[in-house]
Amino acid sequence: MASHGGRGRSGGRPTLEEVAARAGVGRGTVSRVINGSPRVSDATRAAVEAAVAELGYVPNTAARALAANRTDAIALVVPEPETRFFAEPYFSDMLRGVGAGLAETEMQLLLIFAGSDRERQRLAQYLAAHRVDGVLLVSVHADDPLPDLLAQLEIPAVISGPRSAGETLTSVDSDNYGGGRSAVEHLLSRGRRRIAHITGRLDVYGAQRRVDGYRDALRDAGHEPDELLIEQGDFTEEGGRRAMTTLLGRHADLDAVFAGSDVMAAGARQVLREQGRRIPEDVALVGYDDSAIARHMDPPLTSVRQPIEEMGRAMIDLLLAEVADRRPAASRGLERRQAVLPTELVTRASS
């Protein structure tokens, strides 16, 4: 008779065979119950679960993963310097969403930075060894080789924001075009006419789409966009400062600014204050992301909310579906899946 309290006949951990003997079923039936297969009767499932509880059996997930040629690990790859990851709320919100999506699984999450050439080479070797079951890619630039590498290796992958309109990987994004439009339409409704735009890095497709929304909103209102009112930033606070200084040098009479991120809006605000411009009396200011920065700014910042945490959850759901199929959608001849989540303008005192 097998002993209780988590000890098998040998005095070590209870085995699958001992659970099967206790439940009066075969080893394969126990395996199906543990793996959640529906091909088991309720009575048999109850008998196996009772045996598991009595013996204190703990499934050997490492052995199961090895037998299934799986690692039970997902990589969240950030092709940016670590300093940017920890400075911008976008990444922490994305990580929170991914973590929530993995909470009910047995998957481990690996956070990997690949901001330098050396880090990318090391990552390529790591991925080529198939040490993860799938990859989440965030903040990808148009010329980034990582997505193509993942496709070559046939590793399931989901990208946060497509690289272009012709993206071949499964992707999750927010409606950047609609977000850019809503920001400018709001400023126009407030009577602003000389509306500047501080863009994000334009090798990021989402930043390009925000510019498209900015331009189309102006044209639809009968105002031809002035290219001198558009200045490229880089999603950083210092980038916002530089762009705002340049814009004021070109157009001292500007009366509104739409910044492509809350972080850049914070930099722009500093320059406006330094130059004696009141917000919103002289210059209205709108950001993007609706992060904690927006809520705590003085005055509180109007911002376009993109559901970053929900995007993280959607990314992990799509990735887990591809991992379960064992191959990326593209290699199975399936049409790529692209989810686009809605944005929302949150109005505060800055505009």
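Notes on the structure follow. All figures in this text were calculated on a predicted structure; none of them were measured in a lab.

1. What to know about the pairing of strand β9 (residues 284-289)
In regular strands, side chains alternate between the two faces of the sheet.
Here's step 1: Buried residues dominate β9, accounting for six of its six residues.
Here's step 2: In terms of strand pairing, strand β8 (residues 256-259) meets β9 through three bridges, oriented parallel. Bridge pairing links A256 to A284 in β9.
Here's step 3: Regarding topology, helix α12 (residues 262-274) serves as the crossover connection from β8 to the parallel β9, and that connection is right-handed.
Here's step 4: Bridge analysis of β9 against strand β10 (residues 302-305) gives four bridges, and the strand direction is parallel. Note that in β10 the partner of D289 across the bridge is R305.

2. Let's talk about the pattern of salt bridges
Here's step 1: This model, assessed by the stated rule, comprises 25 salt bridges.
Here's step 2: A salt bridge links R96 to D93; the nearest nitrogen and oxygen atoms lie 2.8 Å apart. Of this pair, R96 and D93 are both found in helix α6 (residues 89-102), three residues apart, which corresponds to roughly one turn of the helix.
Here's step 3: The partner of R209 in a salt bridge is D212, with the nearest N and O atoms 3.0 Å apart. Of the two residues, R209 and D212 both sit in helix α10 (residues 205-220), three residues apart, roughly one turn of that helix.
Here's step 4: Assessed through its relative accessible area of 26%, R209 is described here as partly exposed.

3. Considerations on unusual backbone geometry
Here's step 1: P280 follows I279 through a cis peptide bond whose omega is 10°.
Here's step 2: Examined against the element boundaries, P280 turns out to sit in the loop between α12 and β9.
Here's step 3: Of the consecutive residues D298 and P299, the connecting peptide bond is found in the cis state with omega at -5°.
Here's step 4: As for its position among the elements, P299 is in the loop between α13 (292-296) and β10.
Here's step 5: Residue H130 is not a glycine yet carries a positive backbone phi of 55°.
Here's step 6: Among the secondary structure elements, H130 is positioned in the loop between α7 (117-128) and β3 (134-138).
Here's step 7: If you check the backbone angles, F235 has positive phi at about 75° while not being a glycine.
Here's step 8: Structurally, F235 is set in the loop between β7 (230-232) and α11 (237-250).

4. Points about the sheet that holds β7
Here's step 1: With mixed pairing, six strands are arranged side by side in an open sheet as β7-β6-β8-β9-β10-β12. Looking at which strands have only one partner, the edges of the open sheet turn out to be β7 and β12 (344-346). Each neighbouring strand pair of the sheet contributes to a mean axis angle of 20°, computed without reference to strand direction.
Here's step 2: Strand direction decides the pairing type here: β10 and β12, joined by three bridges, are antiparallel. Bridge pairing links V304 to L345 in β12.
Here's step 3: Here α10 sits on the sheet in contact with β6 (195-199), β7, β8 and β9, set at roughly 170° to β6.

Thresholds, definitions, all that
Residues numbered from 1 in each chain as written. Predicted model: local features only at pLDDT ≥ 70, side-chain atom pairs only at ≥ 80, totals over all residues. Heavy atoms only, no water. Buried < 20%, exposed > 50% of the residue type's maximum accessible area, 1.4 Å probe, protein only. Helix = DSSP H or I, 4+ residues; strand = E, 2+ residues; numbered from the N terminus. Pairing = 2+ DSSP bridges. Right-handed = clockwise from strand over helix to strand, strands pointing away. Salt bridge = Lys/Arg side-chain N within 4 Å of Asp/Glu carboxyl O. Axes fitted to C-alpha atoms, helices over the stretch in contact; angles between N-to-C directions. Contact = heavy atoms within 4.5 Å.

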